[in-house]
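Now for the letters of each chain:
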Number of protein chains: 2
Amino acid sequence: MIDYTPAENLPAFILVRPQLAENVGTAARAMMNCALSDMRLVAPKADWLSERAVAASSGASEILKNAKVFDTIPQAVADLKKVYATTGRVRDMVKPVFTGQGAAADIAGLMRLNGKSGVLFGPERTGLENDEVAYADAIVEIPLNPKHCSLNLAQAVLLVGYEVFKTQIDAADERLETGNSEMANKDETEHLFMHLEQALDSAGYFKVPEKKPRMVRNMRNVLMRTRMTSQEIRTLHGIVEDLLRKYQA
Amino acid sequence: MIDYTPAENLPAFILVRPQLAENVGTAARAMMNCALSDMRLVAPKADWLSERAVAASSGASEILKNAKVFDTIPQAVADLKKVYATTGRVRDMVKPVFTGQGAAADIAGLMRLNGKSGVLFGPERTGLENDEVAYADAIVEIPLNPKHCSLNLAQAVLLVGYEVFKTQIDAADERLETGNSEMANKDETEHLFMHLEQALDSAGYFKVPEKKPRMVRNMRNVLMRTRMTSQEIRTLHGIVEDLLRKYQA
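Residues numbered from 1 in each chain as written. Chains lettered and ligands numbered in written order. Predicted model: local features only at pLDDT ≥ 70, side-chain atom pairs only at ≥ 80, totals over all residues. Heavy atoms only, no water.

**Considerations on the nonpolar core**
Leu15, Met39 and Phe121 of chain A together with Leu15, Met39 and Phe121 of chain B are the most contacted members of the largest nonpolar core, which totals 88 residues. Leave out the neighbours within four places in its chain, and Met39 of chain B touches Phe13, Leu15, Val24, Ala27, Ala28, Met31, Ile63, Leu64, Asn66, Ala67 and Lys68 of chain B. (Core = buried A, V, L, I, M, F, W, Y, C linked by side-chain atoms within 4.5 Å. Buried < 20%, exposed > 50% of the residue type's maximum accessible area, 1.4 Å probe, protein only. Contact = heavy atoms within 4.5 Å.)

Spelled out as structure tokens, the structure:
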């Protein structure tokens, strides 16, 4: 489970001329997945409060209800410090271009200075027009297969939102989930190993004495890679004990 | 445009018991967006070659046609070196847990050693069962809003695929798109500034001589932040020239 406290000044996601209610709904769901709530709509063709939109939002109807509606982009971005335009293809235009990750880092940097930003998403199929992109400080170009980079609206919202969300949490790239137990200390692993070696000794497993040191080392290497919990160590002690008893019987 | 050459040993994406044809189609599309093509299906309920699936794949029908079908997870992963299971909630189970980014780095590390891996995605709604997760070496837990982290199948495929794709490219977090021109050299910016200063001088803009150095410095700061192209510099020279002519007339 991720430890997350919603920050202030999270970016607004601004859907420009969205055409289909369902897409506004799935975009709202994607925003909710990324803990974003400030949805703005510019000249929407879609009815963002329709049944279709609410059903598609899968529980993100609050975001739809609170969406602010504007006639033009300048009105929608008036209170923001910086605006990013998502577009698949950068046209003949002079503009900084961020990856999704780069834009998220920029947005997070602005948030640390108490600055709120916004991200423009164009209409389905056509995308943003050049004159609309011109209102933005920078472009966001999500790195994807250059041969097939077209995304639907909700997916574009999800990828940018996901990158923003990642800047707001502190999640280790890898951790060991140990359930109800905890990682064993080194001495627990070593005791298990000694128990196993003893059992193998009394079973006559080490037939050639010169080979024993190497065999022991290899087995210790296997055991060291397993990263066992205390509970797992106890279970393996039980298995060794049980096998030993059967052999000795 | 991203420079991308498809690598070998890209991971297989394995859909376990997918229920709806449309979801297999949109998952194929998401794989195509991320330049992945090895789709595997375990005991699919959905007809992955149906019209619905093909339509939903938006051009990724090749991935559907080439999908390999298996009865069980062990069969589907037999040729792989490492298997990751995507799941929203990690159950009482001892297992390494990666973020999407962490898993992608791990997958890419294995690729560099010529090792092919696979990622398991569970059925819609229910997700993978505990006994299915147990076949995996590690869990992938995509960091999302803990209150609303449920994703549909295609979105889960997209987020993991996107992270894998990012490991395969070398994209600067920020670059300046300059269209048909290129970034101006410093002397071009400086000449424009001198031109502007001259024009303001002859227009009598610097009324208080003591204030001029500071005003000049402030204007230079504004100009330096613009990161202009050679073409833009030429355009601004023209504007200054034109204003100057009108003033002098």
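Still more to cover.
**Some details on the sheet that holds strand β6 (residues 117-121) of chain B**
Read across the sheet, eight strands follow the order β8(A)-β5(B)-β7(B)-β4(B)-β6(B)-β1(B)-β2(B)-β3(B) without closing on themselves; strand pairing throughout is mixed. The open sheet terminates on both sides in strands that have one partner only, identified here as β8 (174-178) of chain A together with β3 (68-70) of chain B. Between one strand and the next, the sheet's axes are offset by a mean angle of 30°, whatever the strand orientation. Note: strand β2 (residues 39-42) of chain B against β3 of chain B, three bridges, orientation parallel. (Pairing = 2+ DSSP bridges. Helix = DSSP H or I, 4+ residues; strand = E, 2+ residues; numbered from the N terminus. Axes fitted to C-alpha atoms, helices over the stretch in contact; angles between N-to-C directions.)

**Structural notes on helix α8 (residues 186-202) of chain B**
What sets the pattern is the α-helix's 3.6 residues per turn: residues three or four places apart point alike. Residue and element names in this part refer to chain B. Helix length check: α8, at 17 residues, gives a terminal C-alpha distance of 25 Å against a target of 24 Å (1.5 Å per residue), a fit within 8%. All of the buried residues in α8 are Thr189, Leu192, Phe193, His195, Glu197, Ala199 and Leu200. Of the residues one or two after α8, Gly204 is the one with positive phi, at around 75°. (Expected span 1.5 Å × (residues − 1).)

**Describing the packing of aromatic side chains**
Here the structure, examined in full by the defined rule, presents seven aromatic pairs over all chains. Considering the side-chain rings of Tyr205 of chain B and Phe206 of chain B, the 5.3 Å spacing of their centres and the 75° angle between planes classify their relative orientation as edge-to-face. Given the relative accessible area of 11%, Phe206 of chain B is considered buried. Above the face of the Phe206 of chain A ring, Lys212 of chain A is positioned so that its terminal group lies 5.0 Å from the ring centre. (Phe/Tyr/Trp six-rings, centres within 6.5 Å; stacked < 30°, edge-to-face > 60°. Lys NZ or Arg CZ within 6 Å of the ring centre and 35° of its normal.)

**Thoughts on the confidence of the model for chain A**
Across chain A, pLDDT averages 93, with 98% of residues at or above 70. Reported confidences for the modelled complex are a pTM of 0.91 and an ipTM of 0.91. (pLDDT = per-residue confidence, 0-100.)

**Points about the state of the cysteines**
Overall, the coordinates contain zero disulfides over all chains when judged by the stated rule. Free cysteine: Cys34 of chain A, not disulfide-bonded; nearest cysteine sulfur from Cys149 of chain B at 11 Å. (Disulfide = S-S within 2.5 Å.)

**Considering the relation of the copies chain B and chain A**
With an RMSD of 0.1 Å, the fit of chain B onto chain A corresponds to turning through 180° and sliding 0.0 Å along the axis. What the rotation and shift describe, once combined, is the action of a two-fold rotation axis. (Least-squares fit on C-alpha atoms with pLDDT ≥ 70 in both.)

**Quick notes on the interface of chain B and chain A**
With 54 residues of chain B at the interface, the matching set in chain A holds 55 residues. Across the chain B to chain A interface the summed buried area is about 4,700 Å²; carbon plus sulfur atoms make up 56%. The salt bridge partner of Lys166 of chain B is Glu163 of chain A, with a shortest N-O separation of 2.5 Å. The interface formed by chain B and chain A holds 24 residue pairs in polar contact (both at pLDDT 80 or more) in total. Broken down by element, the residue count for the side of chain B that touches chain A peaks at seven residues, all from helix α7 (residues 153-167) of chain B. (Buried area = accessible area lost by both parts, 1.4 Å probe. Salt bridge = Lys/Arg side-chain N within 4 Å of Asp/Glu carboxyl O. Polar contact = N/O pair within 3.5 Å; in protein donor to acceptor, adjacent residues only side chain to side chain.)

**What to know about the side chain of Arg29 of chain B**
On the secondary structure map, Arg29 of chain B appears in helix α1 (residues 21-33). Notably, Arg29 of chain B is buried but unbridged: the nearest opposite-charge side chain belongs to Glu22 of chain B, and the N-O separation is 9.9 Å. Once you skip the residues sitting within four places of it in the chain, Arg29 of chain B turns out to touch Ser150, Leu151, Asn152 and Gln155 of chain A together with Ala56, Ser57, Ser58 and Ala60 of chain B. (Lys, Arg positive; Asp, Glu negative; His and termini not counted.)

**Brief notes about the environment of Ala27 of chain A**
Residue and element names in this part refer to chain A. By the element assignment, Ala27 lies in helix α1 (residues 21-33). For the pair Ala27 and Arg220, spaced 193 residues apart in sequence, the C-alpha to C-alpha distance is 52 Å. Setting aside residues up to four positions removed in sequence, Ala27 forms contacts with Leu15, Met39, Ala154 and Val157.

**A few points about the packing of helix α7 (residues 153-167) of chain A against α7 of chain B**
Look at α7 of chain A against α7 of chain B: their axes get within 11 Å of each other, and the N-to-C directions meet at 60°. The angle between α7 of chain A and α7 of chain B places the two elements in the oblique class. The two elements α7 of chain A and α7 of chain B cross, and the hand of that crossing is right-handed. Residues Ala154, Gln155, Leu158, Leu159, Tyr162, Glu163 and Lys166 of chain A of α7 of chain A form the contact with α7 of chain B, whose participating residues are Gln155, Leu158, Leu159, Tyr162, Glu163 and Lys166 of chain B. (Parallel < 35°, antiparallel > 145°, perpendicular 65-115°, else oblique. Left-handed = near helix turned anticlockwise from the far one by under 90°.)

**Some remarks on the sheet that holds strand β5 (residues 94-98) of chain A**
Where strands meet in a sheet, backbone hydrogen bonds hold them as pairs that are either parallel or antiparallel. Strands sit in the order β3(A)-β2(A)-β1(A)-β6(A)-β4(A)-β7(A)-β5(A)-β8(B) across an open sheet of eight strands; the sheet is mixed. The open sheet has two edge strands, β3 (68-70) of chain A together with β8 (174-178) of chain B, and neither has a second partner. Pairs of neighbouring strands in the sheet enclose a mean axial angle of 30°, with direction left out of account. In this structure, β5 of chain A lies alongside strand β7 (residues 138-140) of chain A, joined through two bridges in parallel fashion. Along β7 of chain A, the bridge assignment pairs Phe98 of chain A with Val140 of chain A.

**Examining unusual backbone geometry**
Most peptide bonds are trans, and most residues other than glycine sit at a negative phi. Residue and element names in this part refer to chain A. Of note, the phi angle at Arg17 is positive, near 45°, even though the residue is not glycine. With respect to the helices, strands and loops of the structure, Arg17 is situated in the loop between β1 (12-16) and α1. The phi dihedral of Ala43 falls on the positive side, at around 45°, and the residue is not glycine. Examined against the element boundaries, Ala43 turns out to sit in the loop between β2 (39-42) and α2 (51-56). Here Ala43 falls in the partly exposed class, since its relative accessible area comes to 35%.

**Regarding the pattern of salt bridges**
Residue and element names in this part refer to chain B. Enumeration according to the criterion identifies 36 salt bridges over all chains in this entry. Two residues, Arg40 and Asp38, come together in a salt bridge whose shortest N-O distance is 3.1 Å. Classification of Asp38 by relative accessible area gives buried; the value is 11%. Close ionic contact of Lys116 with Asp38 constitutes a salt bridge, the shortest N to O distance being 2.8 Å. Residue Lys116 is found in the loop between α5 (100-112) and β6, and its partner Asp38 is found in the loop between α1 and β2; the two are separated by 78 residues along the sequence.

**Overview of the side chain of His195 of chain B**
Residues and elements named next belong to chain B. Secondary-structure assignment places His195 in helix α8. Judged by its relative accessible area of 12%, His195 falls in the buried class. A distance of 2.8 Å separates a polar atom in the side chain of His195 from a polar atom in the side chain of His237. Apart from residues no more than four positions distant in its own chain, His195 is found in contact with His237, Val240 and Glu241.

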